Amino acid sequence: MAVKCFSLYLILAAIVIGGVTSEYIEYNTKPRIVPEKINVHLVPHSHDDVGWLKTVDQYYVGSNNSIRGACVQNVLDSVIASLLDDENRKFIYVEMAFFQRWWRQQSNAKKVKVKKLVDSGQLEFINGGMCMHDEATPHYIDMIDQTTLGHQFIKTEFGQVPRVGWQIDPFGHSAVQAYLLGAEFGFDSLFFARIDYQDRAKRLREKTLEVIWQGSKSLGSSSQIFTGVFPRHYDPPEGFTFEINDVSAPIQDDPLLFDYNVQERVNDFVAAALAQVNVTRTNHIMWLMGTDFRYQYAYSWFRQIDKFIHYVNKDGRLNVLYSTPSIYTDAKYAANESWPLKTDDFFPYADKPNAYWTGYFTSRPAFKKYVRDLSGYYLAARQLEFLRGRDSSGPTTDMLADALAIAQHHDAVSGTQRQHVAADYALRLSMGYLQAEKLVASSLSFLSAAKSSTEKKNPGTKFQQCPLLNISYCPASEARLLSGKSLVVVVYNSLGWKREEVVRVPVSSENVIVKDASGKEVVFQLLPLSEIALRIRNEYVKAYLGRSPRDTAKHVLAFTASVPPLGFSSYVISDTGRTARGLSASYVTSGSMNQNVEVGQGNLKLRYSEEGVKITRHLSTKNQVTAEQSYAYYIGSNGTDKDPQASGAYVFRPDGVLPIKSKEEAQFTIVQGPLFDEVHQELNSWISQITRVYKGKNHAEIEFTIGPIPADDGISKEIITKLTTTMKTNGTFYTDSNGRDFIKRIRDFRTDWDVQVYQPVAGNYYPLNLGIYMQDKTSELSVLVDRAVGGSSLENGQIELMLHRRMQHDDIRGVGEILNETVCLPEGCKGLTIQGKFYVQIDKPGDGAKWRRTFGQEIYSPLLIAFTEQEGDSWINSHKTTFSAFEPSYSLPKNVALLTLQELENGEVLLRLAHLFEVGEDSEYSVMAKVELKKLFHNKKVRQKKTTLLLFVSLYVNKNNCRSVFNMF
């Protein structure tokens, strides 16, 4: 019986197989759009993080694969080979930091082939920046610079300009990204994946994932851009990923092999496409065929995409094609559909009820400050490089440009990378700074040299700079001045208007005076270095440089520098052998917190008592506003059995808040002098601050030192400061967008949907790059910051900032490492201490914009200081002691900022100017501004003037006379 059955099986198998053959199939993938069908645009892509779990170079070469098996070099090698195999295939690439690395290694023959791929549209550059920058924590100037750097590479090598914005992974999306880095950058569309889970659900129901986004109220309709939010993440629908180790079922179309499944997989494809059609307008949908670090073996993807296009089109229910976001955008435009209008932004972002991604607004605050400091330094260095003349054989700003560009990545300045990756970013920035520092020194030397010695090849003066001045370490200013010697201080101003600002440098002697270049003594103030400052200085100099400070600074010397626009002034510090007396002395007194103390002059006062610090400003005889400042910390959640979500590098999930009170016996020190008054407080062993008010200024400067945050109790701590007033703000406050536009926020409210806020603290936090303010009918309180932080107004009349974080748990968002920053010394490692500043001003309603905009520019672009020694007055008598690139007595209007002045490699000079004020923001400054180029630069001529947008103007100039005048709105 068994033999008969076996024979029957053989006969049946022979019948089945007998009429079937296995042969080569030529898949028809020629792209076309069929108007009467649903068109599925398949977009092959790989999202390649420019650093995250591994460093940028580790990701590129494929090293350190115990962390993640990712090699971008393999992606590009494999993709290019696959594209060359079939002219119908397409691929988009985004991150120029990687592509540039790969391009340098290719032969000329390969480059010719790749250029043909680009020309034909098979390979398209999308977004085109050096990285896919974050949108919460970078300054808008950095976003412009890193995108420009990538676009310059694309334009130079391929003659192309990207058309589409592709911000698929950042954790929320800013209004500045929409209008400045989108519509005004010349993009036709913008696409991304991450929006709040409630917002996405509503948009899916209402078919409003695709909108017209108007990011700027000042620019109106000209700032509009077609914007698409993906219905899921930036990967294909489930079941359609085809990396070599993915589990999706491939199309098996060889009839001689088992598991033949063509119709089954076609049906799967059609079902997934129809599901997406139900949440999308028009008959065009886009599938992202790829995700993180895919296409390392590109054939495994392209083989399956070829098959799906071929068989689904044969099926006839859909039309499928290889596509790009540009082709998809053109199809959407051609559909002549009406789209909903979106304003403001997409912050904050939550992917679950208890998971608001608002912790990263503050994560790694020291790194955020380092990026911000070097951004301002890079702006000044480029100016000096232009003023001196670019010299490719000497130091340039190029290395710093590359390092800053990569640092804008959405897992870099965001603070969401692993610790060894953060160290790699910092190292690159440091190396870039060292090159730019040499350039700055040589440029200042050239500009200050007498006319008879302005040879570029003989720079003359050797200027020193002090990158650790923030921790009161400056060997140049601390050195003992021997008999007959003095210290020349050259102060450079990168802004377009004159400024008078207090300069502070550490000195070793109290027997010093300051004179200007004419020999006139300048009012100065000498104050002692606090014990806390000395401790930070000694520990961190040793940690950074591997050695203890050689000289012992005991004092801080402060004086007011008056510096012309885009120029410098010189000052001389001399040791007179006598102690400062009279007007230049600081008077130091001590007290305890159980005393009532008042400092300050004019209408701004600081009051100290057991209750804390109060900042009071008299706006009129009947209008006095007081803001009480305090510290507290949120207990970061460790998660619960019901919801394991913890607070971590990305997510802020507080589990209660505890106030940080001053010790009852806490002492404070009062320093009063001719330039400013300040009060030093030590709240506890790990938080101290200096509150400072300057003579003639209406704002308070608060300099804080936080750390090491205690961790031995196993509690995650997220440190905040609060400013509490009696203002009636009705739940409303305003936060900036990447340092430009201010956006109105209402507590527990979103403009696009009826939000359910399950985390009332984290769900109301927003990113700050410039600051935050609130107002009522009688007053306005503004707070400006020195780096990206998170902030909010959780109660009426109150503002809070998150300043530092130290966590005990990972938040399960992929980084796989606890955010616990430490600094290591020979005696061991301990939690990171940070220093920083924020600034507070109280004004009448509507008057605060002037201060926020102008002083905000001074925060971003601090005075650049360089030092050199001289014998007697030898340097002063033989050098230019003051300089301005502008015509004498001319400066930019106070509502215009000089963003970029840079000599390009082709000899052209890029000049960017920006109007600082929004429409209706200020009665005096929200108006047209006139800039006279003839007075802006001597002996320069505008060859081409290109207006990139109404708030920004880009110009190219050469060395002949300038006769242009233009207006800015």
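Note that the structure is a prediction, hence the values are computed from the model and not measured.

*Asks:* Quick rundown of the overall build of the chain? Include the residues and the values.
*Replies:* When you go through the chain residue by residue, the secondary structure sums to 19 helices and 47 strands. The buried share of the chain, taken over its 969 residues, is 61%. Nonlocal contacts in the chain, meaning residues at least 24 apart in sequence, comprise 75% of its contacts between residues at least 6 apart. For the chain, the accessible area works out to roughly 37800 Å², and carbon and sulfur atoms hold 50% of it. In the chain, 108 side chains carry a positive charge and 108 a negative one; their mean positions are 5 Å apart.

*Asks:* Go over a nonpolar patch on the surface with me, naming the residues and quoting the values.
*Replies:* Among the surface-exposed residues, M399, L427 and M431 lie close enough to one another that they form a single nonpolar patch of about 270 Å² accessible area. Counting through the fold element by element, M431 comes out in helix α14 (residues 419–448).

*Asks:* A description of unusual backbone geometry should follow, citing residues and the corresponding values.
*Replies:* F347 connects to P348 through a cis peptide bond whose omega is -10 degrees. Here P348 is to be found in the loop between β10 (341–342) and β11 (350–352). Note the cis peptide between G707 and P708, where omega equals -10 degrees. Tracing the chain through its elements places P708 in the loop between β28 (699–706) and β29 (716–724). Not every positive phi belongs to a glycine, and N738 is a case in point at roughly 55 degrees. As for its position among the elements, N738 is in the loop between β30 (732–736) and β31 (742–746). Here D748, not a glycine, exhibits a phi torsion of approximately 60 degrees, which is positive. For D748, a relative accessible area of 42% translates into the label partly exposed.

*Asks:* Hey, could you go over the packing of aromatic side chains for me, with residue numbers and the actual values?
*Replies:* The final tally for this structure, using the stated rule, is 59 aromatic pairs. When the centroid spacing of 5.2 Å and the interplanar angle of 55 degrees are considered together, the rings of F240 and W287 count as tilted. Taken together, the residues F240 in the loop between β7 (224–229) and α9 (262–277) and W287 in strand β8 (residues 284–289) connect sequence positions 47 residues apart. Note on accessibility: F240 and W287 belong to one class, buried. Positioned above the aromatic ring of Y378 is the side chain of R382, whose terminal nitrogen or guanidinium carbon lies 3.9 Å from the ring centre. The ring of Y140 has R740 lying over it, and the distance from NZ or CZ to the ring centre is 5.1 Å.

*Asks:* So what's going on with the sheet that holds strand β16 (residues 524–528)? Which residues, and what values?
*Replies:* Read across the open sheet, the 3 strands follow the order β14-β17-β16; overall the sheet is antiparallel. Looking at the sheet topology across the chains shown, the edges are occupied by β14 (499–507) and β16. When strand polarity is set aside, the average angle formed by the axes of neighbouring strands in this sheet is 25 degrees. Across 5 bridges, β16 lies against strand β17 (residues 555–563) in antiparallel orientation. Across the sheet, the residue bridging to Q525 is A558, located in β17.

*Asks:* Could you give me a rundown of the UniProt feature "domain: Glycoside hydrolase family 38 central" (unreviewed entry) in the chain, with the residues and numbers involved?
*Replies:* This chain's UniProt record puts "domain: Glycoside hydrolase family 38 central" (unreviewed entry) on residues 355–429. The distance separating the terminal C-alpha atoms of residues 355–429 is 32 Å; by composition the span is 60% helix and 3% strand.

*Asks:* Describe helix α10 (residues 298–315), and please don't skip the residues or the numbers.
*Replies:* Taking 1.5 Å per residue as the helical rise, α10 with its 18 residues ought to reach 26 Å, and the 26 Å between its terminal C-alpha atoms agrees with that figure. With respect to burial, α10 is a largely interior element, 14 of its 18 residues being buried.

*Asks:* I'd love a proper account of the environment of L180, names of residues and values included.
*Replies:* Summarising the element assignment, L180 is placed in the loop between α7 (175–179) and β5 (189–192). L180 sits in the buried class, given a relative accessible area of 3%. The sequence separation of L180 and Q160 amounts to 20 residues, and the corresponding C-alpha distance is 20 Å.

*Asks:* Give a detailed account of the pattern of salt bridges, specifying residues and quantitative values.
*Replies:* Inspection of the entire model under this criterion finds 49 salt bridges. With a shortest N-O distance of 3.3 Å, D752 and R203 are connected by a salt bridge. With D752 in the loop between β31 and β32 (766–768) and R203 in helix α8 (residues 197–206), this residue pair connects regions lying 549 residues apart in the sequence. For E539, the salt bridge is made with R535, and the minimal N-O distance between the two is 3.8 Å. Of this pair, E539 and R535 both sit in helix α16 (residues 531–545), 4 residues apart, which is roughly one turn of that helix. Taken together, the shared-partner salt bridges connect R504, E678, R692, E701, E703 and K837 into one network.

*Asks:* Lay out the nonpolar core in plain terms, naming residues and giving numbers.
*Replies:* Grouped together as the largest cluster of nonpolar side chains are 184 residues, with contacts concentrated most on F99 and L123. In contact with F99, not counting residues within four places along its chain, are L76, Y93, V114, L123, F125, F153 and F158. Core analysis: the second largest hydrophobic core is formed by 25 residues, V512, F559, A561 and I573 among them.

*Asks:* Let's hear about the confidence of the model for the chain: which residues, and what values?
*Replies:* Averaged over every residue, the pLDDT of the chain is 91; the share at 70 or more is 92%. In the model, residues 454–459 has pLDDT below 50 throughout and makes 9 contacts with residues more than four positions away in sequence or in other chains.

*Asks:* So what about the state of the cysteines? Which residues, and what values?
*Replies:* The full count for this structure, using the stated rule, is 2 disulfides. A disulfide bridge connects C466 with C474, and the sulfur atoms are separated by 2.0 Å. On the S-S bond that ties C466 to C474, the torsion sits near 55 degrees, and the link is right-handed. Note on accessibility: C466 and C474 belong to one class, buried. Here C824 engages in a disulfide with C829; their sulfurs sit 1.9 Å apart.

Conventions used here
Residues numbered from 1 in each chain as written. Predicted model: local features only at pLDDT ≥ 70, side-chain atom pairs only at ≥ 80, totals over all residues. Heavy atoms only, no water. Helix = DSSP H or I, 4+ residues; strand = E, 2+ residues; numbered from the N terminus. Buried < 20%, exposed > 50% of the residue type's maximum accessible area, 1.4 Å probe, protein only. Contact = heavy atoms within 4.5 Å. Areas by Shrake-Rupley, 256 points an atom, 1.4 Å probe, with all protein chains shown as cover. Lys, Arg positive; Asp, Glu negative; His and termini not counted. Charge placed at Lys NZ, Arg CZ, Asp CG, Glu CD. Patch = residues over 30% accessible without salt bridge, like charges linked within 9 Å, V, L, I, M, F, W, Y side chains within 5 Å. Salt bridge = Lys/Arg side-chain N within 4 Å of Asp/Glu carboxyl O. Phe/Tyr/Trp six-rings, centres within 6.5 Å; stacked < 30°, edge-to-face > 60°. Lys NZ or Arg CZ within 6 Å of the ring centre and 35° of its normal. Pairing = 2+ DSSP bridges. Axes fitted to C-alpha atoms, helices over the stretch in contact; angles between N-to-C directions. UniProt positions renumbered as here; feature names shortened; annotations may be inferred. Expected span 1.5 Å × (residues − 1). Core = buried A, V, L, I, M, F, W, Y, C linked by side-chain atoms within 4.5 Å. pLDDT = per-residue confidence, 0-100. Disulfide = S-S within 2.5 Å.

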